[in-house]
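Coordinate inspection notes
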Amino acid sequence: MRKQRLGAIAAAAAAATLALTSCGSSGGGGGGEGDTVRIGIKYDQPGLGFKEGDSYTGFDVDVAKFVAKELGYDENKIEWVSAPSANRETLLETNQVDMIFATYTINDKRKERVGFAGPYFVAGQDLLVRADDSSITGKDSLDGKKLCSVTGSTSAENVRKDVPGVELVEQSGYAECLGLLEGGNIDAITTDDIILAGLAATDANKGKFKVVGNPFSEEPYGVGLNKESDKCEAINTAIQKMIDDGAWKEALDKNTEGTGYEPNAKLNPPTNFEACS
């Protein structure tokens with residue numbers, strides 16, 4: 001079955017690669033000279049999508065670079081665009097970006113508005129607390145607690161649905177949540193485990209916070225696309241190539257080194273991609 005799927009993907013990849021006319025800041029495109037591809041990422045997630053000066057780093061960034069290269073775009077042809085959680089659907093629907101690699105969980109609600117390729121990683125929702133806090137051990141101990149998440153994220157939606165006794169505080173980014181947690185204004189931050197590990201491991205945060213380590217969801221990270229995009233199959237082919245040749249694991253290890261983070265080995269690397277329409 002896997003060989004058949006890969007065969008179908010490969011067969012469609014050539015056609016998709018030739019048809020990349022929707023890419024590029026001017027609407028032109030197949031990776032030729034002068035063409036660019038606009039890729040949305042997070043700017044505030046160390047280890048995943050992080051902007052420092054003119055430098056962009058993280059696992060999402062590395063996957064995006066690999067995929068772009070497979071689609072015919074060298075790194076210097078990538079135009080990086082900030083893609084906060086609350087803005088991702090709009091960025092795709094209005095063609096302000098060509099693709100989004102921004103810890104973008106695939107779910108049915110989002111698929112009503114946008115398309116997805118991938119997933120290229122499967123995370124799990126967890127909690128970040130102050131290093132000396134032993135009162136929060138998982139989702140079941142959140143009743144009556146103040147919890148911060150980012151507006152528009154699936155993490156906020158999950159908590160609102162599953163933990164009615166929690167007081168949810170929504171912020172525009174995780175830096176704001178970290179400030180509230182350090183100051184004692186909230187009790188925990190919730191988002192995906194790999195995001196929390198990256199936040200806790202930065203030089204500024206080392207020793208201040210800890211990941212609870214009791215994940216309570218599966219979050220498949222997809223490549224967000226406009227519903228009219230014809231790049232889904234080619235992107236899936238590129239992700240599979242990245243996994244098969246070892247570049248995927250290399251990128252993941254590089255960006256989580258020193259955090260103690262261990263991805264769910266039953267779910268990673270992903271083996272089942274979204275069906276492309």
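Heads up: the structure comes first, above all this text.
First things first, this report covers the structure right here in the doc. Every value quoted in this text rests on a predicted model; they were computed, and no experiment measured them.

**Looking at the layout of surface pockets**
Each pocket or cavity is described by its volume, and for the second largest pocket that value is around 200 Å³. Along the walls of the second largest pocket sit Pro46, Gly47, Thr57, Gly58, Gly198, Ala201, Thr202, Lys254, Asn255, Thr256, Glu257 and Thr259, which together make up its complete lining. For the lining of the second largest pocket, the secondary-structure elements that each account for two or more residues are helix 7 (193-201) and helix 9 (247-256). Ranked by residue count, the leading element in the lining of the second largest pocket is helix 9, at three residues. Its residues assigned to classes, the lining of the second largest pocket comprises two nonpolar, eight polar and two charged. The two domains that each donate at least three residues to the lining of the second largest pocket are domain 1 (37-123 + 219-255) and domain 2 (125-211).

**Some details on the sheet that holds strand 11 (residues 188-192)**
In a beta sheet, neighbouring strands are held together by backbone hydrogen bonds and run either parallel or antiparallel to one another. Pairing is mixed in the open sheet, where five strands are placed in the order 10-9-11-8-12. What marks the edges here is a single partner per strand, and that holds for strand 10 (167-171) and strand 12 (209-211). Geometrically, the sheet is characterised by an average inter-axis angle of 30° between neighbouring strands, direction not taken into account. In this structure, strand 9 (residues 146-150) lies alongside strand 11, joined through two bridges in parallel fashion.

**Observations regarding empty space enclosed by the protein**
Tallied over the full model, the rule gives two cavities of 30 Å³ or more. One number sums up the size of the largest cavity: a volume of about 70 Å³. In terms of lining residues, the largest cavity is bounded by 13 residues, among which Thr103, Ser153, Thr154, Thr191 and Asp192 are the most central. Among the secondary structure elements, those contributing two or more residues to the lining of the largest cavity are helix 5 (154-162) and strand 11. In terms of residue class, the lining of the largest cavity is made up of two nonpolar, seven polar and four charged. One number sums up the size of the second largest cavity: a volume of about 30 Å³.

Criteria and thresholds
Residues numbered from 1 in each chain as written. Predicted model: local features only at pLDDT ≥ 70, side-chain atom pairs only at ≥ 80, totals over all residues. Heavy atoms only, no water. 1 Å grid on protein atoms, 1.4 Å probe; cavity = no way out; pocket = protein on both sides within 12 Å on 5 of 7 lines; lining within 4 Å. Points joined across faces, edges and corners; volume = space filled by probe spheres on them. Helix = DSSP H or I, 4+ residues; strand = E, 2+ residues; numbered from the N terminus. Nonpolar A, V, L, I, M, F, W, Y, C, P; charged D, E, K, R; others polar. Domains from an automatic or database assignment. Pairing = 2+ DSSP bridges. Axes fitted to C-alpha atoms, helices over the stretch in contact; angles between N-to-C directions.

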